[in-house]
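Each chain, written out:
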Amino acid sequence: MTRTPPMTRTRKNARRRGLTVLAGAAALALSLPLSACSGSGGRKAEENPVAGGAGTERMTVAMVTHSGPGDTFWDIVQKGARAAAAKSNVEFLYSADPDGGKQAQLVQAAIDKKVDGIIVTFAKPDALKDVVARATAAKIPVVSINSGADVSADYGAIAHFGQDETIAGEAAGRELAAIGSKRALCVIHEQGNVGLEDRCAGAKKTFGGQMENLFVPGTNMPQVKSAITAKLQADEDVDGILTLGAPFAATAVDAVKETGGQAKVATFDMNKDLIALLKAGSIQFAVDQQPYLQGYAAVDELWLLKTNGNVIGGGRPVLTGPAIVTKDNAGAIEPFADRGTR
C-alpha cells in the first residue's frame with residue numbers, strides 16, 4: 001500500500017491554510033447517467049448542460065507550463081488534461097517553455113486568443129505575476145498546477161492542484177534516512193525553479209545527515225550524467241542521490257554504475273521506465289505527485305466553473321501528493337505506468 005507521510009507539522013507559513021486533500025479524479029467528474037431525470041421536471045440529463053460534455057457549449061482551455069524538452073512528467077500531465085477535455089467538449093491547447101519570460105509570452109498569446117480558461121505553472125512566479133493579472137482582468141479564469149501553491153491565490157488563480165513541495169521534500173528526507181544514507185546529493189535540474197528548491201530544502205530538514213545541492217543542466221542529459229559522475233568521483237563518501245525527476249534518476253543510476261560506487265538513488269516523480277528500476281532495486285523509492293491527476297483536475301475545474309460555477313478547494317491548494325512508491329508497491333502501479341498515466 002502506498003504510504004503517505006504524516007502531515008502533522010504546522011508550518012510557520014500560513015500559506016498552507018488548511019490544504020484540501022484530493023481523494024481522486026473520480027471526485028472531480030460528474031457521473032449522472034444519461035437516463036437520469038431531474039427532480040424538477042423530468043428532463044433527461046442530456047438536456048442539462050452540466051450532465052456531460054456532449055451537451056455543453058464548446059470551450060477552449062490553454063495550458064502553459066515551464067516544461068523543458070523531453071520531460072516525460074509533462075507528457076503525463078497532458079494525458080490527464082486531454083482526457084478531461086475529451087470528456088467535456090473542451091478544445092485543449094498546450095505550450096511550454098522553461099524560461100519564465102517566454103512562458104509569460106505564451107500566456108499572453110493565450111489571452112490574445114481569448115481562450116475560456118488558462119492553466120499555468122508558477123515555477124518562476126515573478127515572471128508570471130503581471131501576465132496572470134492581465135488574464136484575470138480580461139475575465140479569463142486561471143488555474144495553477146504543480147508549482148506555486150504559495151502564490152497561486154494571491155496572483156489571482158481560482159484553484160491550485162499539486163503537492164506541497166516542502167512537505168514532499170520532508171517525506172523524501174525521511175525515506176533517505178530510513179534506507180541508511182548519511183551523505184546525499186539533491187540534484188536540481190532547473191535553476192530558479194522554486195518548487196525544486198523547496199523539495200531539497202524539505203529533504204535537508206528531515207534527512208538528519210549531510211545533504212548538498214547539485215545543480216545540473218536538465219535539458220542536456222549527457223551533461224547531467226557528467227556532472228553527477230564528476231561529483232561521485234570527487235567525493236567517494238556520497239551514499240545517496242535524490243533526483244527531482246524520473247529521467248534524471250535513471251541517469252544517476254548509470255553514473256553510479258560507471259564510477260563503481262554504492263550510492264543509493266531515489267527520486268521524485270514517476271514514468272514507465274522507472275517502475276522497472278524500482279522493481280529491480282536500482283532505485284529505492286519515488287515520490288509521486290500524480291501528474292495525470294493535476295492535468296485532469298485543472299481542466300475539470302475550468303469546465304465546472306463555466307458550466308456550474310464550481311470552485312474546487314474553496315480557493316485553497318488541493319493536494320495530489322506526495323505518495324511514496326517503492327519496490328513493494330510498484331507492481332500495483334505498473335499497469336497505469338505502462339499506459340502512460342502514472
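The rules we used
Residues numbered from 1 in each chain as written. Predicted model: local features only at pLDDT ≥ 70, side-chain atom pairs only at ≥ 80, totals over all residues. Heavy atoms only, no water. Helix = DSSP H or I, 4+ residues; strand = E, 2+ residues; numbered from the N terminus. Contact = heavy atoms within 4.5 Å. Areas by Shrake-Rupley, 256 points an atom, 1.4 Å probe, with all protein chains shown as cover. Expected span 1.5 Å × (residues − 1). Buried < 20%, exposed > 50% of the residue type's maximum accessible area, 1.4 Å probe, protein only. Core = buried A, V, L, I, M, F, W, Y, C linked by side-chain atoms within 4.5 Å. Phe/Tyr/Trp six-rings, centres within 6.5 Å; stacked < 30°, edge-to-face > 60°. Lys NZ or Arg CZ within 6 Å of the ring centre and 35° of its normal. Disulfide = S-S within 2.5 Å. 1 Å grid on protein atoms, 1.4 Å probe; cavity = no way out; pocket = protein on both sides within 12 Å on 5 of 7 lines; lining within 4 Å. Points joined across faces, edges and corners; volume = space filled by probe spheres on them. Nonpolar A, V, L, I, M, F, W, Y, C, P; charged D, E, K, R; others polar. Polar contact = N/O pair within 3.5 Å; in protein donor to acceptor, adjacent residues only side chain to side chain.

Describing the overall build of the protein chain
Moving on, step 1. Within the protein chain, the secondary structure is distributed over 10 helices and 13 strands.
Moving on, step 2. Excluding contacts between residues fewer than 6 apart, the proportion of contacts in the protein chain whose partners are at least 24 apart in sequence is 73%.
Moving on, step 3. Per element, the accessible surface of the protein chain, about 14,700 Å² overall, is 50% carbon and sulfur.

Overview of helix α9 (residues 291–308)
Moving on, step 1. The end-to-end C-alpha distance of α9, which contains 18 residues, comes to 25 Å, matching closely the 26 Å that a straight helix rising 1.5 Å per residue would cover.
Moving on, step 2. A large share of α9 lies buried, amounting to 14 of its 18 residues.
Moving on, step 3. Two residues or fewer past α9, glycine 309 is found with a positive phi of approximately 70 degrees.

Re the nonpolar core
Moving on, step 1. If you look at the biggest cluster of nonpolar residues, it comprises 28 residues, and the most contacted ones within it are Ile228, Leu232, Ile241, Val265, Met270, Leu274 and Leu278.
Moving on, step 2. Contributions of two or more residues to this core are made by β7 (183–188), α6 (221–234), α7 (246–259), α8 (272–280), β11 (283–288) and α10 (330–338).
Moving on, step 3. It is α7 that provides the largest number of residues to this core, a total of 7 residues.
Moving on, step 4. Ignoring sequence-local partners within four residues, the contact set of leucine 278 consists of Met270, Ile283, Gln284, Phe285, Ala286, Val325, Thr326, Lys327 and Ala330.

Observations concerning the packing of aromatic side chains
Moving on, step 1. Enumeration over the complete set of coordinates arrives at 3 aromatic pairs.
Moving on, step 2. For the ring pair phenylalanine 73 and tryptophan 74, a centre distance of 5.0 Å and an interplane angle of 80 degrees mean the geometry is edge-to-face.
Moving on, step 3. Ring geometry for phenylalanine 122 and tyrosine 155: centres 5.6 Å apart, planes at 85 degrees, overall edge-to-face. Remark: tyrosine 155 occurs in the loop between β5 (142–145) and β6 (159–162) and phenylalanine 122 occurs in the loop between β4 (117–120) and α3 (125–137); sequence separation between them is 33 residues.
Moving on, step 4. Looking at tyrosine 155, the relative accessible area reads 14%, which means it is buried.
Moving on, step 5. Over the aromatic face of tryptophan 303 sits the side chain of lysine 87, whose NZ or CZ is 4.9 Å from the ring centroid.

Details of the state of the cysteines
Moving on, step 1. Here the structure, examined in full by the defined rule, presents 1 disulfide.
Moving on, step 2. For cysteine 186, the disulfide goes to cysteine 200, at an S-S distance of 2.0 Å. On the S-S bond that ties cysteine 186 to cysteine 200, the torsion sits near -85 degrees, and the link is left-handed. Of this pair, cysteine 186 sits in strand β7 while cysteine 200 is found in helix α5 (residues 194–207), placing the two residues 14 residues apart along the sequence.

Observations regarding the layout of surface pockets
Moving on, step 1. When its volume is computed, the largest pocket comes out at roughly 410 Å³.
Moving on, step 2. Forming the boundary of the largest pocket are 33 residues, of which Gly68, Asp71, His189, Glu190 and Phe248 lie nearest the centre.
Moving on, step 3. Of all elements in the fold, only α1 (72–87), α5 and α7 reach the threshold of two or more residues within the lining of the largest pocket.
Moving on, step 4. Class assignment for the residues of the lining of the largest pocket results in 13 nonpolar, 15 polar and 5 charged.

So, the side chain of glutamine 294
Moving on, step 1. If you trace the backbone, glutamine 294 turns up in helix α9.
Moving on, step 2. What makes glutamine 294 buried here is its relative accessible area of 0%.
Moving on, step 3. Side-chain polar atoms of glutamine 294 contact the side chain of glutamine 289, separated by 2.6 Å.
Moving on, step 4. When near neighbours in sequence (up to four residues on either side) are disregarded, glutamine 294 contacts Phe73, Ile145, Asn146, Phe161, Gly162, Gln163, Gln289 and Thr320.

Observations regarding empty space enclosed by the protein
Moving on, step 1. Scanning all chains against the criterion turns up 1 cavity of 30 Å³ or more.
Moving on, step 2. In this structure, the largest cavity occupies an estimated 50 Å³ of space.
Moving on, step 3. In terms of lining, the largest cavity is formed by 11 residues, of which the most central are Ser152, Ala153, His160, Gly315 and Pro317.
Moving on, step 4. The residue inventory of the lining of the largest cavity, partitioned by class, reads 6 nonpolar, 3 polar and 2 charged.

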